Amino acid sequence: MHHEADARFPAQERFADGALHLAGRPAKGTSGRTHTVVDPATGAPVYTYDLAGAEDVDADVAAARAAFPEWAGATPGERSDALHRLADVLADRAEDLARAESLQCGKPLKLSRGFDVPGTIDNTAFFAGAARHLQGQSAGEYSGDHTSYVRREPVGVVGSVAPWNYPLQMAAWKILPAIAAGNTVVLKPAELTPLTSLLFARAARDAGIPDGVVNVVTGTGEEAGEHLVGHPDVAMVSFTGSTAVGRRVAGIAGAAVKRLHLELGGKAPFVVFDDADLEAAVHGAVAGALVNTGQDCTAATRAYVQRPLYEAFVEQTAALMETVRLGDPFAPGTDLGPLVSHAHRDRVAGFVDRARAYARVVTGGEAPGGDLAAGAYYRPTLIAGAPQDSEVVQAEIFGPVLVVLPFDGDDDGLRLANDTPYGLAASAWTRSVYRAHRATREIRAGCVWINDHIPIVSEMPHGGHRASGFGKDMSAYSFEEYTQIKHVMFDNTAVARKGWHRTVFGDRQQHQAV
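Structure report, in brief.

Thresholds applied
- Residues numbered from 1 in each chain as written.
- Predicted model: local features only at pLDDT ≥ 70, side-chain atom pairs only at ≥ 80, totals over all residues.
- Heavy atoms only, no water.
- Helix = DSSP H or I, 4+ residues; strand = E, 2+ residues; numbered from the N terminus.
- Rg over C-alpha atoms; globule rule 2.2 N^0.38 Å.
- Contact = heavy atoms within 4.5 Å.
- Areas by Shrake-Rupley, 256 points an atom, 1.4 Å probe, with all protein chains shown as cover.
- Lys, Arg positive; Asp, Glu negative; His and termini not counted.
- Charge placed at Lys NZ, Arg CZ, Asp CG, Glu CD.
- Buried < 20%, exposed > 50% of the residue type's maximum accessible area, 1.4 Å probe, protein only.
- Pairing = 2+ DSSP bridges.
- Polar contact = N/O pair within 3.5 Å; in protein donor to acceptor, adjacent residues only side chain to side chain.
- Axes fitted to C-alpha atoms, helices over the stretch in contact; angles between N-to-C directions.
- Parallel < 35°, antiparallel > 145°, perpendicular 65-115°, else oblique.
- Left-handed = near helix turned anticlockwise from the far one by under 90°.
- Nonpolar A, V, L, I, M, F, W, Y, C, P; charged D, E, K, R; others polar.
- Patch = residues over 30% accessible without salt bridge, like charges linked within 9 Å, V, L, I, M, F, W, Y side chains within 5 Å.
- Salt bridge = Lys/Arg side-chain N within 4 Å of Asp/Glu carboxyl O.

1. Looking at the overall build of the protein chain
Then, number 1: Within the protein chain, the regular secondary structure consists of 18 helices and 19 strands.
Then, number 2: Whereas a compact globule of 514 residues would reach a radius of gyration of roughly 24 Å, the protein chain reaches 25 Å, a difference of no more than 12%.
Then, number 3: Seen through its principal axes, the protein chain has C-alpha atoms that stretch 95 × 60 × 35 Å.
Then, number 4: Considering only intrachain contacts with a sequence separation of at least 6, the fraction spanning at least 24 residues in the protein chain is 74%.
Then, number 5: If you sum the accessible surface of the protein chain, you get close to 20600 Å²; carbon and sulfur atoms cover 54% of it.
Then, number 6: Each charge class in the protein chain was averaged separately, 47 positive and 61 negative side chains, and the resulting centres sit 5 Å apart.

Now the structure itself:
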């Protein structure tokens, strides 16, 4: 099995020099512990490496700090040119990136090739252009006696922590706006999935981005992650992951008064009104719930279907789920790959098994046997009849599981949609422009789709409300995260004794300048 993994992507050979990218060069972690990346489709090891410890984080942060003055001082055009070159290098290496991503994550190669990799190249091209559009407010005489303008300046060294579900895309979402704005970055990828972050950092080096601008340090969250978040030379922290870990990150960063960007969990509602196109809603629900095996913080997880369509929606969604083909991620006929690990598969199965006590598992709810038994597979699962306050409705499962509940009036549907702690994404399905507008106004989420669920574009922001965190990835709005705003004000009068000085001197004769 090991040889087959090598043929798909030879990780052990390509990253023999270690799972760190330090000042433009590969390096090995010095924690004294190792970690093995496993192909979740087979359980076979694909890459064993030395984990980074606190000293490795210190070295990466020092490299980023040393590279900051030159990179921050580069012109927007120079940074733009470097990012255009990076987009070209990534495009040249697209197949390598797709294979490495599918090997470590278990996602179907058609998803890596069709979404993760082209999306990352597109993000890079977008930020290459956006790098030249970092203007502040234009100069003007707002007080009458002064000229004011606003500078946007880079923050410094950014410590970024990325998750395992979309390792390449999340590395790009963290690195690109930060470096486009003139910051330098130390990225800690998930220890389960470091391969494509390392390929991305090598591509940045080969595109001529200066050494130290993009650094990768691969270690555990407890050791490398917490040290990076709390590091005194890290000016800003960007974290994507679970809400529980996000609280911990916020506590460490808050104690040091660092800039903080959090993209946390989600529990996206999928609201189907009784005038919806039922076929479109069923197909949208299955695709939106199962993309990336449901390991997506914006995945459709809670379908609320107005009573007249409810029974038909349950029946048709279950039937369509049963046509989804589980298999080898590298086989062209595969629709759904495994979950990222056996431990995560067991966690997902636990939610479903506990739900049997209070709800109906309409389809799925089991791991397949046969050829797939060795992998971390789980069948697409539809659960009906769960109460609104139950665990499967309220908690993020992060697997191929969709819960469907009925609602009566429109008020009821929108109230239920908002009734979780999260607020990342949502969709509403209706032919009525009035219902659609009401849903987009009243659903509390960072993104609301109408008659679709999941698509993203580089030009538009991605980020949540409430327990889903704050701040934006992608789009020009991401520069709000990665730049400091500075107001500069010039006196235009050349008058020594200004009118407002009377608030200090009163009507006394002020000292006359000679």
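Right, picking up where we left off after that structure.
2. Looking at the pairing of strand β3 (residues 34–39)
Then, number 1: On β3, burial follows the alternation: His-35, Val-37 and Asp-39 on one face are buried, whereas Thr-34, Thr-36 and Val-38 on the facing-out side are not.
Then, number 2: Across 6 bridges, the pairing between β3 and strand β4 (residues 44–50) is antiparallel. Looking at the pairing, Thr-36 lines up with Thr-48 of β4.
Then, number 3: Once β3 ends, the chain turns through 4 residues before running back antiparallel as β4, passing Gly-43 with a positive phi of about 80°.

3. Some words on the side chain of Gln-306
Then, number 1: You can see Gln-306 is positioned in strand β12 (residues 300–306).
Then, number 2: Here the side chain of Gln-306 touches Arg-435 through a polar contact of 3.3 Å, side chain to side chain.
Then, number 3: Residue contacts for Gln-306: discarding those within four places in its chain leaves Val-272, Phe-273, Asp-274, Phe-407, Asp-408, Gly-409, Asp-410 and Arg-435.

4. What to know about the packing of helix α11 (residues 278–290) against helix α12 (residues 307–321)
Then, number 1: Packing of α11 against α12 leaves a shortest axis separation of 9 Å and a crossing angle of 50°. Considering the angle they form, α11 stands oblique to α12. Along this stretch, α11 crosses α12, giving a crossing that reads as right-handed. The segment α11 lies against α12, with Leu-278, Ala-281, Val-282, His-283, Ala-285, Val-286 and Leu-290 engaging Leu-309, Ala-312, Phe-313, Gln-316, Thr-317, Leu-320 and Met-321.
Then, number 2: Looking at the contact of α11 with α12 residue by residue, the class counts come to 11 nonpolar, 3 polar and no charged.

5. Looking at a nonpolar patch on the surface
Then, number 1: A contiguous nonpolar surface patch, about 340 Å² in accessible area, is contributed by Trp-500, Val-504 and Phe-505.
Then, number 2: Structurally, Val-504 can be placed in helix α18 (residues 502–505).
Then, number 3: We classify Val-504 as exposed; its relative accessible area is 57%.

6. Some thoughts on unusual backbone geometry
Then, number 1: Positive phi values are uncommon outside glycine, yet Val-257 reaches one of about 50°.
Then, number 2: Topologically, Val-257 is positioned in the loop between α10 (243–255) and β10 (259–263).
Then, number 3: Positive phi, normally seen in glycine, also occurs at Asn-292, with a value near 55°.
Then, number 4: With respect to the secondary-structure elements, Asn-292 resides in the loop between α11 and β12.

7. Structural notes on the sheet that holds strand β15 (residues 401–407)
One key point about sheets: their strands pair by backbone hydrogen bonds, in either a parallel or an antiparallel sense.
Then, number 1: Strands sit in the order β13-β14-β15-β12-β11-β16-β17 across an open sheet of 7 strands; the sheet is mixed. The sheet is open, and its two borders are formed by β13 (360–363) and β17 (447–450), each paired with just one other strand. In this sheet, adjacent strand axes meet at a mean angle of 25° when their direction is disregarded.
Then, number 2: Bridge count between strand β14 (residues 381–384) and β15: 4 bridges; the pairing is parallel.

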